[in-house]
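# Coordinate analysis (summary)
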Amino acid sequence: METILRTENLCKYYGKGENQVRAVRSASISIKQGEFTAIVGKSGSGKSTLLHLLGGLDYPTNGKAWVKDKDIFSMKEEELAVFRRRNIGFVFQAFNLVSSINVWENIVLPIGLDSRETDESFVEDIVKTLGMEHKIHSLPNTLSGGQQQRVAIARALASRPAIILADEPTGNLDSKTSDEVVALLKASSQKYGQTVVMITHDEDIAQIADRILSIEDGKVVEQG
C-alpha cells in the first residue's frame, strides 16, 4: 500500500526560553493508504496540535509533512486551502455543521465550495451506510449529538478525500453513541478504502483502529 501521509521531524513550539511549550517534538510518522490509525494521548499531550499540523491547519516550528507526496508547508496559503479542501476531510468534536441548511446540503457543501459536481449516488450510499437516509431534509439542531456526528462524517467522506482527520470525534457523545460513531468510521474506512487518523484520549475507543500511536509530552511512539 502506498504511503498517503508522512512527516519528518515535525515540531511545534510555543513561547521562548523557560516558558517554552514543546507541543509536538520531532514527530516522524508514516501512514499508508486505507489504514485506520488512532493517536492516543491525555489532555495537553499535544495530540490536537499534531492533528492540526497533519491537516495543514497550523504551521510547524520545524519539520515537514507530505500528503500524497505533496509538501504541504511549501505551499502558499491559498494553494494549501484548495489542496486541503480536496484532499483532507475533517471531523471535529464540535460537529461544525451549518445550522441554517439541511443534512444533505451540509454534506455536499464542501464539494459545492470547490465548484465540483456532486456524485449523488456515492453520497446517497454514504448516507445509507451511516443510517441517515430518513434525516436528509432535517436541520442539524433537530438531530441528536450522535446523528450530527454522523452527518459530519458523511460530509468528510463525500468529497473522497485522501485522508480523514478526526479530532476527538466522540468527545461530546455518551459512551454508547461513541462506540457507534467509531464503529461507523471504521466501517466506512473499510467500505470506501478511506484512510482515517483519529485523535482520542480514550484507550478503549482506540482499540478499534488498525494501529495505535501514543503521544506524551509531544513525543509520538508506536504502541505494540
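Residues numbered from 1 in each chain as written. Predicted model: local features only at pLDDT ≥ 70, side-chain atom pairs only at ≥ 80, totals over all residues. Heavy atoms only, no water.

### Topic: the side chain of T195
The criterion, for reference: A run of H or I in DSSP becomes a helix once it reaches four residues, and a run of E becomes a strand once it reaches two; helices and strands are each numbered from the N terminus. Under the scheme applied here, a residue whose accessible area is under 20% of the maximum for its type counts as buried, over 50% as exposed, and between as partly exposed, the area being computed with a 1.4 Å probe on protein chains only. Whether two residues are in contact is decided by their heavy atoms, any of which lying within 4.5 Å being enough.
Note on placement: T195 falls in strand 9 (residues 195-200). For T195, a relative accessible area of 0% translates into the label buried. Not counting chain neighbours up to four residues away, the residues in contact with T195 comprise I4, I31, K32, Q33, G34, E35, A162, I163 and I164.

### Quick notes on the packing of aromatic side chains
Just so we agree on the cut-off: Here the aromatic set is Phe, Tyr and Trp, taking the six-membered ring for Trp, and pairing holds for ring centres within 6.5 Å; pairs whose planes are under 30 degrees apart are stacked, those over 60 apart are edge-to-face, and all others are tilted. Here, over-ring charges are defined by two tests on the NZ atom of lysine or the CZ atom of arginine: distance to the ring centre within 6 Å, and angle to the ring normal within 35 degrees.
Under the defined criterion, the tally for this structure stands at three aromatic pairs. Between F90 and F92, the aromatic rings sit 5.6 Å apart at their centres with planes inclined by 5°, giving stacked as the arrangement. F92 gets classed as partly exposed once you look at its relative accessible area, which sits at 22%. Look at F122 and Y192: their rings are 5.3 Å apart centre to centre, the planes differ by 80°, and that puts the pair in the edge-to-face class. With F122 in helix 4 (residues 120-129) and Y192 in helix 6 (residues 175-192), this pair connects stretches of sequence that are 70 residues apart. Look at F122 and you get buried, because its relative accessible area is 12%. In this structure, R6 packs its charged tip against the face of W66, placed 4.0 Å from the ring centre. If you follow R22 out to its NZ or CZ, it ends over the ring of Y13, 4.8 Å from the centre.

### As for helix 2 (residues 77-87)
Definition in use: The arc in question is the one traced by the directions running from the helix axis out to the C-beta atoms.
When helix 2 is considered as a whole, its buried residues turn out to be L80, F83 and N87. The buried residues of helix 2 occupy one face: seen down the axis, they fall within an arc of 65°. Opposite its buried face, helix 2 presents the exposed residues E77 and E78, each directed more than 90 degrees away. Those residues of helix 2 that are buried are in contact with strand 5 (62-67), strand 6 (70-71), strand 7 (88-92) and strand 8 (163-167).

### Notes on the pattern of salt bridges
To be explicit about the condition: A side-chain nitrogen of Lys or Arg and a carboxyl oxygen of Asp or Glu constitute a salt bridge if their distance falls within 4 Å.
Per the stated rule, a full pass over the model turns up 14 salt bridges. In this structure, the salt-bridge partner of E8 is R6, at a minimum N-O distance of 3.9 Å. Assessed through its relative accessible area of 42%, E8 is described here as partly exposed. The shortest N-O distance in the salt bridge between R86 and D114 comes to 2.8 Å. On the criterion of sequence distance, the pair formed by R86 in helix 2 and D114 in the loop between helix 3 (103-113) and helix 4 is long-range, its members being 28 residues apart. Looking at R86, the relative accessible area reads 41%, which means it is partly exposed.

### Details of the confidence of the model for the protein
Note the threshold: Per-residue confidence from the predictor is reported as pLDDT, a score between 0 and 100.
Confidence in the prediction for the protein averages 92 pLDDT; 100% of positions are at 70 or higher. Here helix 6 stands out as the element of the protein with the lowest mean pLDDT, 87, in contrast to strand 5, whose mean of 96 is the highest.

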